[in-house]
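Examination of the molecular architecture
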Amino acid sequence: MKYLYTLVVLSFLLCACGETDSPKSDGIVITQAQPVRDLKLYRFDSLEHIFSNDNWLIVDGTDSCYIYFSRLGKGDFRTFYYKIFKGDSSNVSHSNFIMSSDTITWLSPIAGKRLHLEKTTNKEAIWCDSTCASYFRFKRISDKEIILTLPSDKKLVLKKTLALSLFLIRSRYDFDHGTHYAFIDTNFSKHSVKR
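No experiment lies behind these values; they were computed from the predicted model shown.

Moving on, we come to the overall build of the protein. For the protein, the helix and strand inventory stands at three helices and ten strands. For the protein, the α and β elements follow one another from N to C terminus as α-α-β-β-β-β-β-β-β-β-β-β-α. By sequence separation, contacts in the protein at least 24 residues apart represent 36% of the contacts at least 6 residues apart. Of the accessible surface of the protein, which amounts to about 13000 Å², a share of 57% is contributed by carbon and sulfur atoms.

Written as structure tokens, this is what we have:
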């Protein structure tokens, strides 16, 4: 019994000495890759400042389409590009912003090719193709408007719509009833609702 007690005390002392010899890290391990990853997360945060988790109308002459941006986690940012046909979404194209080892890429439905993020701030994102010969610049002008400059210097305006679910419901209602509620960005006032 005496030896068992001595063995337990000795084991405790060895463990305690081992703790004091190594610096405490509080569970945080810093590697050389971490600053790069933090930079990419910062860029994801910047992209979220520009696009939010919102639905945007893109008008190009008489043609219009929509793009919905949705950040679902630290490193998961999705886009849905679609048109409205007979009050419902159609031709839906799904893509992601993808973090790789050295950059953020996006198979852009607007460009029709894979782009990589060249530069970003909380107001602007510049994407370029693999040769950096074509640039696509998204610049947030206000809470409800983004200007997209294409490689040809043509500018498209992205206008923020209602929340996606409400927008799709109202689009279907508009098609069925000949109204235009999908483009009203205010809620019904208490005076317009009959009780």
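Next comes the rest of the account.
A few words on helix 3 (residues 164–177). Here helix 3 contains 14 residues, and its C-alpha end-to-end distance of 20 Å stays within 8% of the 20 Å for a straight helix at 1.5 Å per residue. Every buried residue of helix 3 is accounted for by Phe167, Arg170, Ser171 and Asp174. Viewed end-on, helix 3 has its buried residues packed into an arc of 110°, placing them on one side of the element. Facing away from the buried side of helix 3 by more than 90 degrees, the exposed set consists of Ser165 and Ile169. Where helix 3 ends, the next residue or the one after it, Gly178, has phi of about 70°, a positive value.

A word on the environment of Leu47. Inspection of the secondary structure assignment puts Leu47 in helix 2 (residues 33–51). Considering only alpha carbons, one finds Leu47 and Phe138, 91 residues apart in sequence, at a separation of 9.8 Å. Contact partners of Leu47, with chain neighbours within four places excluded, come to Ser52, Phe77, Phe97, Leu117, Thr120, Ala125 and Trp127.

Strand order in this closed barrel of ten strands is 1-2-3-4-5-6-7-8-9-10, and the pairing throughout is antiparallel. Pairwise comparison of adjacent strand axes, ignoring direction, gives a mean angle of 25° for this sheet. For strand 1 (residues 55–60) and strand 2 (residues 63–73), the ladder comprises six bridges, and the chain directions are antiparallel. Following the sheet pairing, Trp56 is matched in strand 2 by Ile67. Running at roughly 10° to strand 3 (residues 76–85), helix 3 makes contact with strand 1, strand 2, strand 3 and strand 4 (88–99) of the sheet.

What counts, and at which threshold
Residues numbered from 1 in each chain as written. Predicted model: local features only at pLDDT ≥ 70, side-chain atom pairs only at ≥ 80, totals over all residues. Heavy atoms only, no water. Helix = DSSP H or I, 4+ residues; strand = E, 2+ residues; numbered from the N terminus. Contact = heavy atoms within 4.5 Å. Areas by Shrake-Rupley, 256 points an atom, 1.4 Å probe, with all protein chains shown as cover. Expected span 1.5 Å × (residues − 1). Buried < 20%, exposed > 50% of the residue type's maximum accessible area, 1.4 Å probe, protein only. Arc of directions from axis to C-beta. Pairing = 2+ DSSP bridges. Axes fitted to C-alpha atoms, helices over the stretch in contact; angles between N-to-C directions.

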